[in-house]
Amino acid sequence: MIHLIPRPAFYEEKYGEFVLNSTTAVYADPPLEAARDYFVQSIEKACGIRPAVVVSDKAAIRFLYDVRLPKEGYRLECTSERIIVQASSHAGALYAGISIRQLMLAELMDHARVLTMHAVVIEDKPRYEWRGLLLDESRNFFGPVTVKRLLDMMAYHKLNVLHWHLTDNEGWRIESKKYPELTEVGSKRKGTQTKAWGKKDVEWIPYDGYYTQAEIKEIVAYAERLNIMIVPEIDMPAHLGAAIASYPELSCRKLPMEVPILHSDPNCSIIACAGDDFTFKFAYDIIDEMASLFPAPYFHIGGDEAPKKEWKKCPKCQAVIRKYNLKNEEELQGYFNNKIALYLKRKGKRLIGWNEVLKAEGLEHSVIAQYWTPLKDPRVADHLRNGGSAILSKHEAFYFDMPYAMVPLRNTYRFEPEQLGLSNRNDDILGVEGTLWTEWIMTQERLDFQTYPRLEALAETAWTPASQKNYAEFKERLVKFLPVLDKLGITYCPSHMWDPSLWRRLRVTTKFHVSDAHCEYRRALTHYKWKKKKSK
Ligand code: ACM
Ligand code: ZN
């Protein structure tokens, strides 16, 4: 068994052991120097041993550039004398270094003077090009330290996309120079809903927070070094309440409103007017500003859960329906999406929307659908057949905000596209993505509980070929890996809660929705207290 998560595509264990200490020399061909520097720095950060960077290609550890290696892939050969890495990109070399760090258990060796690694040959590359995680900071805001910590862990597991949900009804969390009210007004709310969707309890403490553009730039650069692309999600035309509170002229009736607190606030059904030029001017201006911050060739506009009540009564929206001979308001959203998709295309970006965007006919081909709906949506398969692309975020596998009682760890691990009626061989499936919606995640500790070890299971689902996956074997590796999470101060979900019994699943599911979104986590808190006492 090799102690790597995600498990590599191929490996063969050999006889022997490589020993690394502070005199070990590390060389890299020029294109891989940044990956080598990351390797050396992260080993030092993990355990205090700093190998020596040298310019001689006789060094014991060598990062060699080889164009024949696959994108993001690497070859690693470790013998008792040397470690040779071959890669065709920064990403591949970075991942090779991360594999070495994991195999040396660097995080657990802080008082050792040497690290060791068993001899092995690894030939590795990802199953999917899109290995994503969504973080919602509209409902709750975590800030740069938590985001960088998450990015570090994503890279550690070879995940490469942070889908950053920065705006929604409950808060706008990114500075706009052109529309300052978005943060002056839209990043603030008078309180926070605390208990569950079915309960209206509010903690009346003023809440705010947003990223300045300078902070965004710094985080984007930080992620880039880790081979993580950050894709912003700026929702439109729905889930836009915080922006409409800031600029009421965005809505059909232009009435003033406050940033919603309750997730079911009737004002959450107020959406952007699809018949008013100002909506498009605003959208294009925001896209321009965001494009200068996020170089990713993708842009997420949400597009889910768009109530059409306002559009049905709005003369301007109805005039557009008549002018373009649209069948209904669903088609009006299609018209809206296509305008945005074309604008994004001119900027070299593809529009991503949740799979509801496929309800409209005649959607731009370049649109990427992110499949999340718990109910099966045959439109996604049609979209793929017609040359479209998709990202898969199956609710029962990848909604990490849900209790483990609803999304057990085995679901995340065992996900295959067939479960959604999609072919495994479809190249237009870009990949998979876990989602961290934060309606009920108020702290970093709770974020950890919902995230780990789902992140590990997601990583393996995203990276490892299906033929190399086995849940029982994964759990053995995972249990051995937990001390690393402990060492990093990550409050992961305890193992007895990963795959709850049917009885517990039923009990928690009802409670979570109706009365207590924290019922499962409370049980974990008892465990953490017990663990702390035991370790004293
Ligand atoms: C979603 O969870 N509404 C995309
Ligand atoms: Zn309207």
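Here is what the cut-offs are and how they apply
Residues numbered from 1 in each chain as written. Chains lettered and ligands numbered in written order. Predicted model: local features only at pLDDT ≥ 70, side-chain atom pairs only at ≥ 80, totals over all residues. Heavy atoms only, no water. UniProt positions renumbered as here; feature names shortened; annotations may be inferred. Buried < 20%, exposed > 50% of the residue type's maximum accessible area, 1.4 Å probe, protein only. Helix = DSSP H or I, 4+ residues; strand = E, 2+ residues; numbered from the N terminus. Pairing = 2+ DSSP bridges. Right-handed = clockwise from strand over helix to strand, strands pointing away. Salt bridge = Lys/Arg side-chain N within 4 Å of Asp/Glu carboxyl O. Phe/Tyr/Trp six-rings, centres within 6.5 Å; stacked < 30°, edge-to-face > 60°. Lys NZ or Arg CZ within 6 Å of the ring centre and 35° of its normal. Donors = N, O, S within 2.8 Å, 3.2 Å for Na, K, Ca; no water. Tetrahedral: all angles 85-135°; square planar, octahedral: opposite > 155°, others 65-115°. Contact = heavy atoms within 4.5 Å. 1 Å grid on protein atoms, 1.4 Å probe; cavity = no way out; pocket = protein on both sides within 12 Å on 5 of 7 lines; lining within 4 Å. Points joined across faces, edges and corners; volume = space filled by probe spheres on them. Nonpolar A, V, L, I, M, F, W, Y, C, P; charged D, E, K, R; others polar.

Going by an unreviewed UniProt entry, the chain carries the name beta-N-acetylhexosaminidase and comes from Candidatus Stercoripulliclostridium merdipullorum. Comment text from UniProt for the chain, heading Catalytic activity (unreviewed entry), reads "Hydrolysis of terminal non-reducing N-acetyl-D-hexosamine residues in N-acetyl-beta-D-hexosaminides."

Engineer: Got a minute to help me understand the pairing of strand E9 (residues 161-165) in this structure?
Structural biologist: Regular strands place their side chains on alternate faces of the sheet. The element E9 is extensively covered by neighbouring structure, given that 5 of its 5 residues are classed as buried. Along E9, one buried face is formed by Val161, His163 and His165 and the opposite face, lined by Leu162 and Trp164, is buried too. Relative to E9, strand E8 (residues 130-136) runs parallel, the two being bridged by 5 bridges. Residue pairing in the sheet places Gly132 in a bridge with Val161 of E9. For the crossover from E8 across helix H3 (residues 144-156) to E9, the handedness is right-handed. Inspection of the sheet shows E9 paired to strand E14 (residues 229-233) by 5 bridges, in the parallel sense. Note on E14: the bridge partner recorded for His163 is Val231.

Engineer: What am I meant to see in the pattern of salt bridges here?
Structural biologist: When their charged atoms lie close together, side chains carrying opposite charge are able to pair. If you walk through the whole model with that rule in mind, you get 40 salt bridges. Taking the shortest distance from any N to any O, the salt bridge between Arg68 and Asp66 comes out at 2.8 Å. Looking at Asp66, the relative accessible area reads 10%, which means it is buried. When the shortest N-O distance is used, the salt bridge between Glu72 and Arg131 registers 2.8 Å. Of the two residues, Glu72 is situated in the loop between strand E4 (61-65) and strand E5 (74-78) and Arg131 in strand E8; the sequence distance between them amounts to 59 residues.

Engineer: Would you explain the packing of aromatic side chains in this entry?
Structural biologist: The geometry of an aromatic ring pair comes down to the distance between the two centres and the angle between the two planes. Following the criterion strictly, the structure yields 29 aromatic pairs and no others. Judged by centre distance (6.5 Å) and plane angle (65°), the rings of Tyr179 and Phe278 are edge-to-face. Residue Tyr179 is found in the loop between strand E11 (171-172) and helix H4 (181-184), and its partner Phe278 is found in helix H7 (residues 277-291); the two are separated by 99 residues along the sequence. Between Phe280 and Tyr335 the ring centres are 6.4 Å apart and the planes differ by 85°, which places this aromatic pair in the edge-to-face class. Here Phe280 is found in helix H7, whereas its partner Tyr335 is found in helix H10 (residues 329-346), with 55 residues between them in sequence. One exposure class covers both Phe280 and Tyr335, and it is buried. By way of ring pairs, the aromatic residues Phe280, Tyr284, Tyr324, Tyr335, Phe336 and Tyr343 are connected into one cluster. Over the ring of Phe280 we find Lys339; its NZ or CZ atom is 4.6 Å from the centre of that ring.

Engineer: Hey, could you run me through the coordination of the zinc ion (ligand 2) in this one?
Structural biologist: In an ideal tetrahedron of four donors about a metal, each angle is 109.5 degrees. In an ideal octahedron of six donors, the angles are 90 or 180 degrees. Those donors, Cys252 (SG), Cys273 (SG), Cys314 (SG) and Cys317 (SG), are the protein atoms that reach the zinc ion (ligand 2), and they lie 2.3 to 2.4 Å from it. Around the zinc ion (ligand 2), the 4 donor atoms sit at angles spanning 106 to 114°, and that spread fits a shape best called tetrahedral. For the zinc ion (ligand 2), the single-chain donor residues occur in sequence as C-x20-C-x40-C-x2-C. Taken as a pair, Cys273 in the loop between helix H6 (241-246) and H7 and Cys317 in helix H9 (residues 315-323) lie far apart in primary sequence, 44 residues in all. Classification of Cys273 as buried rests on a relative accessible area of 0%. A relative accessible area of 0% places Cys317 in the buried class.

Engineer: Teacher, can you tell me more about the environment of Val54 here?
Structural biologist: Looking at where Val54 falls in the secondary structure, it is placed in the loop between strand E3 (52-53) and E4. Residues Val54 and Ala28 lie 26 residues apart in sequence; the distance between their C-alpha atoms is 8.4 Å. With residues up to four places along the chain from it excluded, the contact list for Val54 reads Ala25, Val26, Tyr27, Arg36 and Ala59.

Engineer: Got a minute to help me understand the layout of surface pockets in this structure?
Structural biologist: If a probe the size of a water molecule is rolled over the atoms, the empty space left behind becomes visible. In this model, the largest pocket occupies a volume close to 480 Å³. Along its surface, the largest pocket is lined by 17 residues, and Tyr38, Lys45, Arg101, Asp152 and Tyr222 are the ones closest to its centre. Those elements giving two or more residues to the lining of the largest pocket turn out to be helix H1 (33-47), H3 and helix H5 (213-225). Here the lining of the largest pocket gets 5 residues from one element, more than from any other, and that element is H1. Here the lining of the largest pocket is built from residues that sort into 8 nonpolar, 2 polar and 7 charged.

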